[in-house]
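Residue-level structure breakdown
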Amino acid sequence: MRKHKEKSSFKVLVQDRKTKIRFYVLSNRLRQHDWQCNEIGALNKANIFTEDLQKWVLLRKKYKYDKRKQIRPITFRQCHLCGRTFESKRGALLCSNECRRKWSNRMREKKRSIRTKRAKANGKYDNSITLEKLFKRDNGICYICGKHLNLSTYYNSPDAPTIEHVIPIIKGGTHTWNNVKLACRACNSIKGTKISKEYIERAS
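Our subject in this report is the structure included herewith. Starting from 1, residues in each chain are numbered consecutively following that chain's sequence as written. Note on the predicted model: pLDDT of at least 70 is required for a residue's local features to be given, and 80 or more for side-chain atom pairs to be given and counted; whole-chain, interface and lining totals, by contrast, use all residues. Calculation of side-chain values draws on the structure's entire complement of heavy atoms; hydrogens and water are dropped beforehand.

As for the overall build of the protein
A count of helical and extended segments in the protein gives six helices and six strands. Only runs of H or I of at least four residues qualify as helices and only runs of E of at least two qualify as strands under DSSP, and these elements are numbered from the N terminus. In the protein, the succession of helices and strands from N to C terminus is β-β-α-α-β-β-α-α-β-β-α-α. Buried residues are those whose accessible area, probed at 1.4 Å on protein chains only, stays under 20% of the maximum for their type, while exposed residues exceed 50% and partly exposed ones sit between those limits. Here the protein holds 204 residues, and the buried ones make up 26% of them. Taking all contacts inside the protein whose residues are at least 6 apart in sequence as the whole, residues at least 24 apart take part in 43%. Here the open area of atoms and residues is found with the Shrake-Rupley method and a 1.4 Å probe, where only the protein chains shown may cover a residue. Here the protein displays about 15,500 Å² of accessible surface, and carbon together with sulfur accounts for 51% of that area. We call two residues contacting when some pair of their heavy atoms lies within 4.5 Å.

This is the structure in C-alpha coordinates:
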(Lines give C-alpha, C1' and ligand atoms only; values in the text may rest on other atoms or scores of the structure.)
Protein backbone atom coordinates (compact mmCIF):
# COMPACT_ATOMS: atom_id res chain seq x y z
CA MET A 1 0.00 0.00 0.00
CA ARG A 2 1.29 3.43 -0.91
CA LYS A 3 1.97 5.75 2.02
CA HIS A 4 2.30 9.51 2.04
CA LYS A 5 3.97 11.24 5.00
CA GLU A 6 3.51 8.03 7.02
CA LYS A 7 -0.27 8.05 6.44
CA SER A 8 -2.25 5.33 4.70
CA SER A 9 -4.70 7.88 3.25
CA PHE A 10 -3.77 11.05 1.36
CA LYS A 11 -5.43 13.70 -0.79
CA VAL A 12 -5.70 13.12 -4.54
CA LEU A 13 -6.45 15.93 -7.01
CA VAL A 14 -9.24 14.97 -9.44
CA GLN A 15 -11.10 16.93 -12.13
CA ASP A 16 -14.81 16.96 -12.88
CA ARG A 17 -15.34 16.13 -16.59
CA LYS A 18 -18.37 18.37 -17.03
CA THR A 19 -17.32 21.56 -15.21
CA LYS A 20 -13.51 21.08 -15.40
CA ILE A 21 -13.26 22.06 -11.72
CA ARG A 22 -10.46 20.36 -9.79
CA PHE A 23 -10.95 19.19 -6.21
CA TYR A 24 -9.31 16.95 -3.63
CA VAL A 25 -10.56 13.49 -2.63
CA LEU A 26 -9.08 11.16 0.00
CA SER A 27 -7.34 8.14 -1.53
CA ASN A 28 -9.25 5.63 0.63
CA ARG A 29 -12.49 7.00 -0.88
CA LEU A 30 -11.14 6.52 -4.40
CA ARG A 31 -10.28 2.90 -3.65
CA GLN A 32 -13.95 2.09 -3.06
CA HIS A 33 -15.57 0.34 -6.05
CA ASP A 34 -18.85 2.28 -5.75
CA TRP A 35 -17.17 5.71 -5.49
CA GLN A 36 -18.89 8.44 -7.49
CA CYS A 37 -17.99 12.07 -8.01
CA ASN A 38 -19.96 14.37 -5.65
CA GLU A 39 -22.14 17.10 -7.11
CA ILE A 40 -19.80 20.06 -7.51
CA GLY A 41 -22.29 22.44 -5.85
CA ALA A 42 -22.46 20.21 -2.77
CA LEU A 43 -18.67 20.04 -2.22
CA ASN A 44 -16.92 21.72 0.69
CA LYS A 45 -14.88 24.89 0.00
CA ALA A 46 -11.78 23.33 1.62
CA ASN A 47 -11.73 20.51 -0.97
CA ILE A 48 -11.70 22.79 -4.05
CA PHE A 49 -8.41 23.51 -5.82
CA THR A 50 -7.39 27.15 -5.15
CA GLU A 51 -7.27 28.23 -8.82
CA ASP A 52 -10.80 26.89 -9.49
CA LEU A 53 -12.34 28.38 -6.32
CA GLN A 54 -13.91 31.44 -8.03
CA LYS A 55 -15.50 29.26 -10.72
CA TRP A 56 -16.86 26.92 -8.02
CA VAL A 57 -18.43 29.84 -6.04
CA LEU A 58 -20.39 30.97 -9.14
CA LEU A 59 -21.44 27.40 -9.87
CA ARG A 60 -22.56 26.83 -6.28
CA LYS A 61 -24.91 29.85 -6.43
CA LYS A 62 -26.52 28.36 -9.55
CA TYR A 63 -26.71 24.96 -7.83
CA LYS A 64 -28.56 26.43 -4.81
CA TYR A 65 -30.96 28.30 -7.11
CA ASP A 66 -31.70 25.15 -9.14
CA LYS A 67 -32.23 23.14 -5.95
CA ARG A 68 -34.90 25.63 -4.78
CA LYS A 69 -36.66 25.28 -8.14
CA GLN A 70 -36.95 21.50 -7.89
CA ILE A 71 -40.26 20.29 -9.34
CA ARG A 72 -42.49 18.65 -6.73
CA PRO A 73 -45.18 16.16 -7.72
CA ILE A 74 -48.55 17.87 -8.29
CA THR A 75 -51.48 16.41 -6.33
CA PHE A 76 -55.11 17.26 -6.97
CA ARG A 77 -57.78 17.07 -4.28
CA GLN A 78 -61.43 17.87 -3.87
CA CYS A 79 -62.14 20.83 -1.58
CA HIS A 80 -63.83 19.66 1.65
CA LEU A 81 -66.20 22.64 1.57
CA CYS A 82 -67.17 23.54 -2.00
CA GLY A 83 -66.16 20.28 -3.73
CA ARG A 84 -64.02 22.03 -6.37
CA THR A 85 -60.95 20.10 -7.60
CA PHE A 86 -57.75 22.09 -6.97
CA GLU A 87 -53.95 21.71 -6.93
CA SER A 88 -53.12 20.77 -3.35
CA LYS A 89 -49.87 22.18 -1.89
CA ARG A 90 -48.48 20.66 1.31
CA GLY A 91 -51.57 18.51 1.78
CA ALA A 92 -54.09 21.38 1.86
CA LEU A 93 -57.73 20.26 2.18
CA LEU A 94 -59.41 23.56 1.26
CA CYS A 95 -59.04 25.38 -2.06
CA SER A 96 -58.98 29.07 -1.06
CA ASN A 97 -58.79 31.55 1.84
CA GLU A 98 -62.54 32.13 1.56
CA CYS A 99 -63.20 28.38 2.01
CA ARG A 100 -60.78 28.28 4.98
CA ARG A 101 -62.61 31.19 6.64
CA LYS A 102 -66.03 29.58 6.05
CA TRP A 103 -64.73 26.24 7.33
CA SER A 104 -63.34 27.75 10.56
CA ASN A 105 -66.65 29.61 11.13
CA ARG A 106 -68.56 26.38 10.56
CA MET A 107 -66.35 24.48 13.04
CA ARG A 108 -66.79 27.28 15.60
CA GLU A 109 -70.58 27.16 15.19
CA LYS A 110 -70.52 23.37 15.47
CA LYS A 111 -68.65 23.57 18.79
CA ARG A 112 -71.05 26.25 20.00
CA SER A 113 -74.12 24.19 19.06
CA ILE A 114 -72.72 21.08 20.84
CA ARG A 115 -72.10 23.22 23.94
CA THR A 116 -75.63 24.70 23.71
CA LYS A 117 -77.22 21.24 23.38
CA ARG A 118 -75.25 20.04 26.40
CA ALA A 119 -76.28 23.11 28.45
CA LYS A 120 -79.96 22.60 27.50
CA ALA A 121 -79.71 18.93 28.48
CA ASN A 122 -78.39 19.98 31.93
CA GLY A 123 -81.47 22.09 32.66
CA LYS A 124 -82.85 25.56 31.89
CA TYR A 125 -81.07 27.56 29.14
CA ASP A 126 -81.40 31.36 29.40
CA ASN A 127 -81.16 33.11 26.01
CA SER A 128 -81.18 36.57 27.63
CA ILE A 129 -77.55 36.20 28.85
CA THR A 130 -75.19 38.51 26.95
CA LEU A 131 -71.68 39.74 27.67
CA GLU A 132 -72.86 43.37 27.87
CA LYS A 133 -75.56 42.59 30.47
CA LEU A 134 -73.16 40.44 32.51
CA PHE A 135 -70.50 43.17 32.36
CA LYS A 136 -73.02 45.66 33.74
CA ARG A 137 -74.23 43.26 36.48
CA ASP A 138 -70.68 42.43 37.69
CA ASN A 139 -69.45 46.06 37.39
CA GLY A 140 -66.76 45.04 34.88
CA ILE A 141 -64.67 43.15 37.47
CA CYS A 142 -63.18 39.69 36.95
CA TYR A 143 -64.49 37.57 39.85
CA ILE A 144 -61.29 35.44 39.95
CA CYS A 145 -58.43 37.97 39.89
CA GLY A 146 -60.42 41.17 40.71
CA LYS A 147 -59.11 43.05 37.67
CA HIS A 148 -61.17 45.90 36.16
CA LEU A 149 -61.98 44.95 32.55
CA ASN A 150 -62.93 46.93 29.47
CA LEU A 151 -65.61 45.89 26.96
CA SER A 152 -63.72 47.48 24.05
CA THR A 153 -60.64 45.23 24.58
CA TYR A 154 -59.82 42.92 21.66
CA TYR A 155 -61.65 39.62 22.33
CA ASN A 156 -58.49 37.45 22.07
CA SER A 157 -56.55 39.62 24.53
CA PRO A 158 -55.82 38.14 28.03
CA ASP A 159 -57.71 41.12 29.56
CA ALA A 160 -60.82 40.67 27.40
CA PRO A 161 -64.07 40.08 29.38
CA THR A 162 -65.71 36.66 28.90
CA ILE A 163 -68.75 34.74 30.18
CA GLU A 164 -67.51 32.21 32.72
CA HIS A 165 -69.63 29.30 33.99
CA VAL A 166 -69.09 28.75 37.74
CA ILE A 167 -69.99 25.06 37.35
CA PRO A 168 -68.74 24.12 33.85
CA ILE A 169 -71.35 22.92 31.35
CA ILE A 170 -69.34 19.71 30.84
CA LYS A 171 -69.77 18.98 34.58
CA GLY A 172 -73.53 19.55 34.61
CA GLY A 173 -73.64 23.35 34.89
CA THR A 174 -76.46 25.37 33.32
CA HIS A 175 -76.42 28.50 31.17
CA THR A 176 -78.42 30.58 33.65
CA TRP A 177 -77.80 33.89 35.47
CA ASN A 178 -76.99 32.20 38.79
CA ASN A 179 -74.25 30.08 37.13
CA VAL A 180 -72.48 32.76 35.04
CA LYS A 181 -69.95 35.37 36.15
CA LEU A 182 -67.62 37.81 34.43
CA ALA A 183 -63.97 36.72 34.04
CA CYS A 184 -61.00 37.85 32.00
CA ARG A 185 -59.93 35.52 29.18
CA ALA A 186 -56.66 34.63 30.96
CA CYS A 187 -58.43 33.44 34.14
CA ASN A 188 -61.15 31.71 32.14
CA SER A 189 -58.63 29.68 30.09
CA ILE A 190 -56.48 28.79 33.15
CA LYS A 191 -59.55 27.68 35.13
CA GLY A 192 -60.69 25.52 32.20
CA THR A 193 -63.23 22.86 33.25
CA LYS A 194 -62.57 23.14 37.00
CA ILE A 195 -65.38 24.19 39.35
CA SER A 196 -64.77 27.81 40.47
CA LYS A 197 -64.75 27.05 44.21
CA GLU A 198 -62.12 24.32 43.80
CA TYR A 199 -59.98 26.50 41.50
CA ILE A 200 -60.03 29.53 43.85
CA GLU A 201 -59.17 27.33 46.85
CA ARG A 202 -56.19 25.83 45.03
CA ALA A 203 -54.97 29.22 43.80
CA SER A 204 -55.11 30.82 47.28
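Thoughts on the packing of aromatic side chains
Any two rings among Phe, Tyr and Trp, with Trp reduced to its six-membered ring, count as a pair given centres within 6.5 Å; such a pair is stacked if its planes are under 30 degrees apart, edge-to-face if over 60, and tilted if neither. Applying the stated criterion across every chain yields a total of two aromatic pairs. Taking 4.9 Å as the distance between ring centres and 55° as the angle between the ring planes, the aromatic pair formed by Tyr154 and Tyr155 counts as tilted. With respect to class, Tyr154 is no different from Tyr155; both count as exposed. Whether a charge sits over a ring comes down to the Lys NZ or Arg CZ being within 6 Å of the ring centre and within 35 degrees of the ring normal. We note Lys11 situated over the ring of Tyr24; from NZ or CZ to the ring centre the distance is 5.9 Å. The cationic tip of Lys120 hangs over the ring face of Tyr125; the distance from NZ or CZ to the ring centre is 5.5 Å.

Notes on the side chain of Asn188
One can find Asn188 in helix α5 (residues 185-191). Assessed through its relative accessible area of 18%, Asn188 is described here as buried. The contacts of Asn188, once residues within four sequence positions are left out, are Thr162, Ile163 and Glu164.

Remarks on the pattern of salt bridges
A carboxyl oxygen of Asp or Glu within 4 Å of a side-chain nitrogen of Lys or Arg is what we treat as a salt bridge. Throughout the structure, instances matching the rule amount to seven salt bridges. Of the charged contacts, one joins Glu109 and Arg112 as a salt bridge, the two residues approaching to 3.0 Å between their closest N and O atoms. One end of the pair is Glu109 and the other is Arg112, both in helix α3 (residues 97-122) and three residues apart, which spans about a single turn. Relative accessible area serves as the criterion here: at 46%, Arg112 is assigned to the partly exposed category.

Regarding α3
One less than the residue count of a helix, multiplied by 1.5 Å, gives the span that helix is expected to have. Between its terminal C-alpha atoms α3 stretches 38 Å, which fits the 38 Å expected from 26 residues at 1.5 Å a residue. All of the buried residues in α3 are Cys99, Thr116 and Ala119. Of the residues one or two after α3, Gly123 is the one with positive phi, at around 155°.

Describing unusual backbone geometry
One non-glycine residue, Asn139, lies in the positive phi region at around 55°. Along the chain, Asn139 turns up in the loop between α4 (131-137) and β5 (161-165). Overall, the relative accessible area of 60% leaves Asn139 in the exposed class.

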